[in-house]
Structures are given as structure tokens and as C-alpha cells.
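Descriptive structure summary
The primary structure of each chain is shown beneath.
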Amino acid sequence: MTLPFPRYRPELTQCLNGIWCVAYLGDVGKIDRLDPTDIRCNDAMAVAGAYDAAPALADRRGAAVYRTHAEVAPGRAAQLRFDGLGLGARRFVDGEPVGTFDTPYSDWRVIIPASERPRRQIVALIDNRLHAERPILVEPCLDFYLYGGIYRGVWLRELPGPVIDAVQVRVLDCQTRRVAVTAWATSTLPEDASLRMGFDDRPLSEVGHAEHADREIRFEADVSDPRQWSPTEPELHHLTTALGDDRFTTRFGLRTTRLDGPRLSLNDEPLKLKGVCRHESHPQFGPALLDAEIVQDVPLLKRLGCNFVRGSHYPQDPRFLGLCDEQGLLVFEESLGGQTRKKHFENPRFVDRVEAQTRRMVRKSFNHPAVIIWGFLNEANTDEPSSRAVYERLVRAIREEDPTRPVTFATHKPFADINLDLADIVSVNACPGWYAEVNGSPVRPLDEIMPKLDALLQYLANESLDDRPFILSEIGAGAIYGWRDPLRSHWSEDYQVDLIEVVCRKFRDDPRITGLAIWQFCDDQTYANSRALTRPRGFNNKGVFAEYRRPKRAAEVIAHS
Ligand code: ADA
């Protein structure tokens with residue numbers, strides 16, 4: 001099996017994915033008060049997997065206990081890592097609670113103390129209920145289904161002593177190939193700890209001038225045999241750091257991004273970002289995508305002629321980001337959010353949580369050269385005065401974590417947004433031509449697209465916001481796969497083709513538009529309640545592929561535009 005990055009010593013690393021024992025508890029009391037120790041787990045569920053994606057539990061809201069065992073050498077501590085789960089969870093090892101989780105789609109790591117038991121019991125108590133009293137990061141009315149379960153990989157790494165836990169490689173200068181490296185250990189390092197390192201397949205050597213502080217080691221180095229990363233030549237480097245016998249390998253790319261007025265450049269070449277928004281979603285497995293599905297999505301994106309993908313609306317699966325690095329697809333990654341309003345902005349627990357998730361996303365994805373833009377809180381109520389302090393705080397948090405990449409957020413209220421000045425890139429979700437002013441309007445929906453986009457761009461210029469790049473971060477039309485209509489009405493593939501043709505033409509011809517992320521890559525499951533009155537089949541049907549990735553006619557239009 002190929003381990004994803006970062007890679008640890010393979011002989012000390014186990015992937016715990018597989019079939020776990022599960023008990024679905026339903027709408028029990030709050031999980032904070034539940035002790036899962038004596039609960040019998042008689043059902044089986046796949047990990048990764050979402051329990052409410054299983055037909056028997058479809059659309060059920062409740063808690064579930066997931067249980068498995070792992071072999072760990074007696075006397076040795078271990079690190080347990082979940083790459084993404086939701087919505088809320090508590091975790092237990094050998095019956096002892098080891099943490100609470102409330103940031104869906106984030107990774108979650110913990111160190112398990114050593115024990116003499118060779119077989120350790122691991123339990124995740126998961127909750128997919130949308131508690132009113134628990135400020136989750138999204139509102140239940142959001143337009144994608146919020147599943148419960150373990151969405152991504154689960155890993156166990158045995159720790160022979162203090163080991164490297166995370167490494168960030170920051171490119172200081174592509175020309176001089178100089179990088180600044182920060183490595184964090186799992187625990188405080190002795191003063192005389194000596195770190196070795198090596199690029200790619202080179203032998204490891206002692207790091208000369210390193211600064212130590214507690215768990216942190218910083219040093220600079222020149223990449224041997226440097227190759228620049230770009231979307232057309234996505235050359236990647238590896239950096240291995242070693243403490244004692246332990247190894248930690250991360251992958252990175254030598255590339256720089258730069259903002260120069262309305263221009264966004266990569267390696268000093270101006271970018272025109274052509275792409276789509278993509279949910280991590282499968283009709284049968286929800287957010288728990290199989291390797292085969294992720295691997296197939298990337299060439300489909302490339303076949304659309306995309307060089308860009310907006311990972312909507314949460315931190316992305318590291319497997320997907322790894323493939324984007326390898327294939328040269330540029331990514332706008334954002335932390336989870338949606339329909340955020342006054343009650344959230346004024347709730348300190350909510351704001352702490354968004355900030356924690358946003359910081360975690362930046363730390364986790366820092367070394368992916370494909371990620372070129374950070375975002376947060378899709379479509380919040382940014383006309384709300386209480387949003388200002390939150391937006392200032394989130395922008396500051398991202399810049400503290402990473403001063404090298406531009407920061408943005410997708411707004412759907414551009415004319416009333418009070419925070420646009422904080423963004424390095426203005427990103428607007430617009431929907432002319434779809435949620436069109438049809439009632440009583442003499443204008444055909446398609447004919448309103450150009451004037452509305454022009455009015456938006458003119459407004460940004462009037463507000464002096466044309467001094468930075470502009471991304472049309474969502475625009476699209478719903479189409480039911482296979483439905484052709486000579487009248488080219490809404491919901492037909494023909495209407496989606498017409499709308500996307502207009503949008504692609506505008507994007508191609510208007511130099512004020514730096515980026516386009518068409519809404520969306522493929523149809524995805526949303527709620528099966530009365531929302532389905534505007535979401536036929538209970539899906540958001542604006543995909544240019546249907547949910548099983550069959551191309552609609554619009555895919556050809558994008559590919560040839
Ligand atoms: C918004 C939102 C998307 C989706 C879209 C739509 O722009 O950000 O998640 O809901 O609307 O299809 O209406």
C-alpha cells in the first residue's frame with residue numbers, strides 16, 4: 001500500500017481502515033454524558049464510511065459507537081489520527097476518554113499513552129445530530145448533506161520516543177532554492193536533540209544551524225537538485241527529517257505565488273484560473289470516497305480543461321490534495337461554514353471553533369504546492385456588522401499561519417459586504433441566469449448574465465476593489481442528467497449548456513476576471529425534505545457531471561471553451 005504524505009516509518013504505521021464493529025444508538029442523550037464501554041457493537045460498518053449513507057440508516061439522526069482494536073508494542077505510546085469525520089465525536093482508548101471533536105472534516109490526532117496491553121481498544125462515539133445548543137460550523141439548511149461517520153483514513157503510528165509530528169517547508173526563494181523548515185516533535189525535545197535531514201533520495205545528514213524551542217526546531221536549507229513545481233510540470237520534492245531511528249517524510253513543491261494589483265501570479269506567470277467547485281460526495285457513500293473515486297475525479301477535472309478547483313466547502317481530503325499536487329491542479333481550500341449569521345458571529349464558542357478549524361486546515365495543507373488560496377466561511381451574512389470582528393480575526397489567523405498565500409472568502413452579498421477590503425482576492429458567488437429575475441421581468445434569464453456580471457465588476461471598481469484579483473467563485477445551472485429539451489428550459493442539459501457557454505465566454509474575454517469556479521463538478525446529495533421542491537431528487541443538480549460522474553453536455557462546453 002502506498003502511504004499518503006506525510007509518511008512515517010512503515011513498520012511503525014498501521015492503517016486502521018476496514019470493517020469496524022458498530023452500534024447505532026439513535027437519538028439518545030448528549031454524547032458528552034455517554035459511556036460507550038459496555039455498549040455491544042453487533043453491526044459492521046466500513047471505515048472510512050458514513051453510517052447514515054447506509055440504506056438502513058438513511059436520513060437518521062443519532063449517535064453511533066464505532067469500535068476496533070490495534071496491536072501496539074507493550075510499553076510503547078502511539079499516535080492515533082483520523083483524517084476527517086463528522087459531525088461531532090468523542091474518542092476512547094481502552095475505555096478512557098481521549099478527546100472531543102467538533103470540527104467536521106478536520107483531522108484529529110491524539111497521543112495514546114503506553115500500556116502493557118498489546119491490544120488496544122479504540123472507540124469513536126459519533127453524533128450526526130444537529131443540536132441547536134451546540135454551535136456546529138454549518139446550519140442544517142446548508143445545501144449538502146451532513147453525514148455522520150468516519151469520512152477518511154484512520155492511522156496509528158507507534159512512537160518509539162519523541163518523534164517528528166509535523167513539518168512545514170516554506171519556499172523562501174525558488175531561484176536560490178532556499179527553504180525554511182519548521183519541525184514540531186510530539187513532546188519536548190532535549191537540548192542536545194540532533195535532527196538529521198535529506199531531500200529526495202539523498203542520504204540524511206546532521207542539520208547544522210537549527211533553533212530549538214520546546215517541541216519546535218527551525219532551520220534553513222538549500223534543496224539539492226531543485227526542480228520548479230508548476231501546473232504543467234508538477235515536479236515534487238521530498239524532505240525526510242529524522243530523530244534517532246524515526247523518520248518523517250513530507251512532500252512539497254518549489255513554487256511562489258505573488259499578488260500584483262489585480263494580477264495573481266505563479267512563478268511570476270500571471271494566472272487565469274479555470275475551474276469548478278467540487279464537493280467530496282458520492283451518492284452511495286456520502287463524504288467517504290473510495291481511492292478509486294478520488295483517483296477518477298482528478299482526470300475528469302483535467303478533461304474539463306481545468307487548472308483550478310475550489311474545494312467546497314470544507315478542508316479537503318489529503319488524498320485529493322496529493323493528487324492535485326501530482327497533476328498540477330491549483331486548489332482554493334476553505335474551512336467549513338455556511339449560512340453564518342449574527343447569532344454565530346456573536347457566539348464565542350462558534351468563532352473559536354471556526355478559527356481552530358481554519359488554522360488546522362492551513363497547518364495540514366501547508367506543504368501542498370497545489371493549494372494556492374485559503375478561504376473560510378462560504379456565503380456568510382457579511383452585511384452583518386458583527387461579522388467584521390470575526391472576519392478580521394480569521395484573516396489574521398490565516399496570515400499568522402501562512403503569510404505566503406492569498407486569503408479570500410466567497411461572498412454572495414457583494415453589494416452589501418462590509419468585509420471585502422480584508423480579502424486579498426475578491427471571490428463572489430453569483431447566480432444570474434439561474435435564480436433569475438423572471439417573474440414579470442422582460443429579460444430572458446440568459447440575457448441577464450452579462451449585464452449583471454458587468455454591474456458587479458463596475459461596483460467593485462467604484463469601491464476601489466478592482467485593485468486585487470477577482471474570482472467568480474460560483475455560477476451555474478441545474479440540469480437533470482439526460483433531459484434534453486427543444487425549448488431549452490431550466491433543468492434541461494440544454495439550458496445548462498447555454499448558461500455555461502455565456503459564462504465561459506465572459507471569463508475568457510474579460511481580463512478583470514482572474515478565476516472562474518463553475519458550480520459545480522458533480523451533482524451531490526442534499527436534503528430530502530421540502531428543499532427538494534427546488535432540488536429535484538434531493539440532489540443539487542448543478543453538476544457538469546451527474547453523481548456517478550457521467551458527463552452532461554456542459555462538460556464538453558467547458559472543455560472546449
Ligand atoms: C450557493 C452555495 C452552494 C450551493 C449553491 C446553489 O452558492 O454556496 O453550496 O448551495 O448556492 O446551488 O444554490
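For every chain, the first residue of its written sequence is number 1, and the numbers climb from 1 along that sequence. Reporting in this predicted model follows two pLDDT cut-offs: at least 70 for local features of residues, and 80 or more for side-chain atom pairs to be given and counted; totals over whole chains, interfaces and linings ignore these cut-offs and use all residues. The basis for the side-chain values is all heavy atoms of the structure; hydrogens and waters are excluded.

Strands are runs of DSSP state E lasting at least two residues, helices are runs of H or I lasting at least four, and both sets are numbered from the N terminus onward. Within the protein, the secondary structure is distributed over eight helices and 36 strands. Relative to its length of 561 residues, the protein is compact, with a C-alpha radius of gyration of 24 Å against a globular reference of 24 Å. When its C-alpha atoms are laid out on the principal axes, the protein stretches across 75 × 60 × 45 Å. Among the 561 residues that make up the protein, the fraction classed as buried is 60%. Contact between two residues is taken to exist if any of their heavy atoms lie within 4.5 Å; hydrogens are not considered. Considering only contacts in the protein between residues 6 or more positions apart, those separated by 24 or more positions represent 71%. Methods summary: accessible areas were calculated by the Shrake-Rupley approach with a probe of 1.4 Å, and residue burial reflects only the protein chains presented. Per element, the accessible surface of the protein, about 22400 Å² overall, is 49% carbon and sulfur. Each charge class in the protein can be summarised by its mean position, and for the 72 positive and 81 negative side chains these summaries are 2 Å apart. In this treatment the radius of gyration is a C-alpha quantity, and the globule benchmark scales as 2.2 Å times the residue count to the 0.38 power. Each residue is assigned to one of three classes by its accessible area relative to the maximum for its type, calculated with a 1.4 Å probe on protein chains only: buried under 20%, partly exposed between the two thresholds, exposed over 50%. Only four residue types enter the charge count, namely Lys and Arg as positive and Asp and Glu as negative; His and the chain termini do not. A charge is said to be at NZ when it belongs to Lys, at CZ for Arg, at CG for Asp and at CD for Glu.

Bringing the packing of aromatic side chains into the picture now. When the centres of two rings from Phe, Tyr and Trp lie within 6.5 Å, Trp using its six-membered ring, the rings pair. Their planes under 30 degrees apart give stacked, over 60 give edge-to-face, and anything left gives tilted. One pass over the full model with this rule turns up 20 aromatic pairs. Relative to Tyr 314, the ring of Tyr 105 lies with its centre 3.7 Å away and its plane at 5 degrees, an arrangement referred to as stacked. With a gap of 209 residues between them, Tyr 105 in the loop between β10 (96-101) and β11 (108-112) and Tyr 314 in the loop between β27 (308-311) and α2 (318-327) connect regions that are remote in the sequence. Of the two residues examined, Tyr 105 and Tyr 314, each falls in the buried class.

If you check the shell around the ligand, you find Asp 143, His 313, Asn 378, Glu 379, Asn 429, Tyr 435, Glu 474, Trp 519, Arg 535, Asn 540 and Lys 542 and nothing else. One of the side-chain nitrogen or oxygen atoms of Lys 542 is found 2.6 Å away from an oxygen atom of the ligand. Coverage of the ligand by the protein chains reaches 87% of its 310 Å² of free accessible surface. Cavity membership is defined here by more than half of the atoms lying within 2 Å of grid points; on that basis the ligand lies in the second largest pocket. Whether a residue is near a molecule or strand depends on its heavy atoms: if one lies within 4 Å, it is near. Contacts described as polar in this section are N or O atom pairs within 3.5 Å, which, within protein, must combine one atom able to donate a hydrogen with one able to accept it, while residues neighboring in sequence count only if both atoms come from side chains. We place a 1 Å grid over just the protein atoms. Points where a 1.4 Å probe fits but has no way out form a cavity, open points with protein on both sides within 12 Å along at least 5 of 7 lines form a pocket, and any residue with an atom within 4 Å of a point lines it. Any molecule with more than half of its atoms within 2 Å of a cavity's or pocket's grid points is counted as sitting in it.

The next thing to look at is the layout of surface pockets. Grid points are joined across faces, edges and corners, and a volume is the space filled by probe spheres set on the points. Estimates place the volume of the second largest pocket at around 420 Å³. As for the second largest pocket, its lining consists of 23 residues, and the residues nearest its centre are Asp 143, Glu 379, Tyr 435, Glu 474 and Arg 535. Asp, Glu, Lys and Arg are counted as charged, while Ala, Val, Leu, Ile, Met, Phe, Trp, Tyr, Cys and Pro are counted as nonpolar; the rest, among them Gly, fall into the polar class. For the lining of the second largest pocket, the class distribution of residues is nine nonpolar, eight polar and six charged.

Tracing the backbone shows Arg 310 in strand β27. Judged by relative accessible area, which is 0%, Arg 310 ranks as buried. When sequence neighbours within four positions are dropped, the list of residues in contact with Arg 310 reads Val 276, Cys 277, Arg 278, Phe 332, Glu 334, Asn 378, Ala 410, Asn 429, Ser 473, Glu 474 and Ala 517.

Before going further, it helps to spend a moment on the pairing of strand β12 (residues 119-127). Within β12, seven of the nine residues are buried, which leaves it mostly tucked inside the rest of the structure. As paired elements, strand β6 (residues 63-71) and β12 share nine bridges and run antiparallel to each other. Along β12, the bridge assignment pairs Ala 63 with Asp 127. Here the rule is simple: two strands pair whenever DSSP picks up at least two bridges between them. Pairing analysis gives six bridges linking strand β9 (residues 88-93) to β12, with the strands arranged antiparallel. Each residue of the ladder has a partner; that of Gly 88, found in β12, is Asp 127.

Take the state of the cysteines next. Sulfur atoms of two cysteines make up a disulfide when they are within 2.5 Å. Here the structure, examined in full by the defined rule, presents zero disulfides. Here Cys 306 stays free of any disulfide, with the sulfur of Cys 504 as its closest cysteine sulfur at 9.1 Å. Assessed through its relative accessible area of 5%, Cys 306 is described here as buried.

What follows concerns the pattern of salt bridges. One side-chain nitrogen of Lys or Arg within 4 Å of one carboxyl oxygen of Asp or Glu is enough to make a salt bridge. In the structure shown here, the tally under the stated rule is 55 salt bridges. When the shortest N-O distance is used, the salt bridge between Arg 227 and Asp 225 registers 3.5 Å. A single network of salt bridges, built from pairs that share partners, joins Asp 352, Glu 355, Arg 359, Arg 363, Arg 393, Glu 400 and Glu 401.

Strand order in the open sheet formed by nine strands is β30-β29-β28-β27-β26-β34-β33-β32-β31, and the pairing between neighbours is parallel. Lying at the two open borders of the sheet, with one neighbouring strand each, are β30 (407-408) and β31 (410-411). Interaxial angle, 0 to 180 degrees, is taken between N-to-C directions of lines fitted to C-alpha atoms, where a helix line uses only the stretch in contact. Contacts from helix α4 (residues 348-365) reach β28 (330-334) and β29 (371-375) within the one sheet, and its direction differs from that of β29 by about 175 degrees.

Now for helix α1 (residues 291-303). Here the expected span of a helix is defined as 1.5 Å times the quantity of residues minus one. Look at α1: 19 Å from first C-alpha to last across 13 residues, which is about the 18 Å you get at 1.5 Å a residue. Here α1 has its buried residues at Glu 293, Ile 294, Asp 297, Val 298, Leu 300 and Leu 301. The arc that holds the buried residues of α1, viewed along the axis, is 165 degrees, so those residues lie on one side. Pointing more than 90 degrees away from the buried face of α1 are the exposed residues Gln 296 and Arg 303. Of the surrounding secondary structure, the elements contacted by the buried residues of α1 are β26 (273-278), β27 and α2. Taken from the residues just after α1, Gly 305 is the one with a positive phi, measuring 80 degrees. The arc refers to the directions leading from the helix axis to the C-beta atoms.

Further remarks concern the nonpolar core. Definition used in this section: a nonpolar core is a set of buried Ala, Val, Leu, Ile, Met, Phe, Trp, Tyr and Cys residues joined via side-chain atoms within 4.5 Å. Counting residues in hydrophobic clusters, the biggest one holds 104 residues, and the most contacted among them are Leu 273, Ile 373, Phe 376, Tyr 391, Phe 470 and Ile 500. A per-element tally of this core places helix α7 (residues 493-509) first, with eight residues. Of all hydrophobic cores here, the second largest spans 29 residues; its members include Tyr 51, Tyr 66, Ala 78 and Ile 112.

Okay, the side chain of Arg 468 next. Note that Arg 468 resides in the loop between α6 (449-462) and β33 (470-474). One polar contact links the side chain of Arg 468 to the main-chain carbonyl oxygen of Ala 423, over a distance of 2.7 Å. Side-chain polar atoms of Arg 468 contact the side chain of Asp 467, separated by 2.9 Å. In this structure, Arg 468 is in contact with Gly 261, Pro 262, Leu 420, Asp 421, Leu 422, Ala 423, Asp 424 and Val 426, ignoring residues within four places of it in sequence.

As a further point, take helix α5 (residues 387-401). If you check α5, its first and last C-alpha atoms are 21 Å apart, about what 15 residues at 1.5 Å a residue would give, namely 21 Å. Looking at the buried positions of α5, the neighbouring elements they touch are β15 (164-173), α3 (342-345), α4, β29 and β30.

Attention now goes to the packing of α4 against α5. It is at 9 Å that the axes of α4 and α5 come closest, and there the two elements cross at 25 degrees. Judged by the inter-axis angle, α4 sits roughly parallel to α5. Here α4 runs over α5; the crossing is right-handed. Across the interface between the two elements, Val 351, Asp 352, Val 354, Glu 355, Thr 358, Arg 359, Val 362 and Arg 363 of α4 pack against Val 390, Arg 393, Leu 394, Ala 397, Ile 398, Glu 400 and Glu 401 of α5. Geometric relationships in this document are graded by angle, where less than 35 degrees denotes roughly parallel, more than 145 denotes roughly antiparallel, 65 to 115 denotes roughly perpendicular, and other angles denote oblique. Helix crossings are classified by the rotation of the near helix relative to the far one: an anticlockwise turn of less than a right angle makes the crossing left-handed, while a clockwise turn makes it right-handed.

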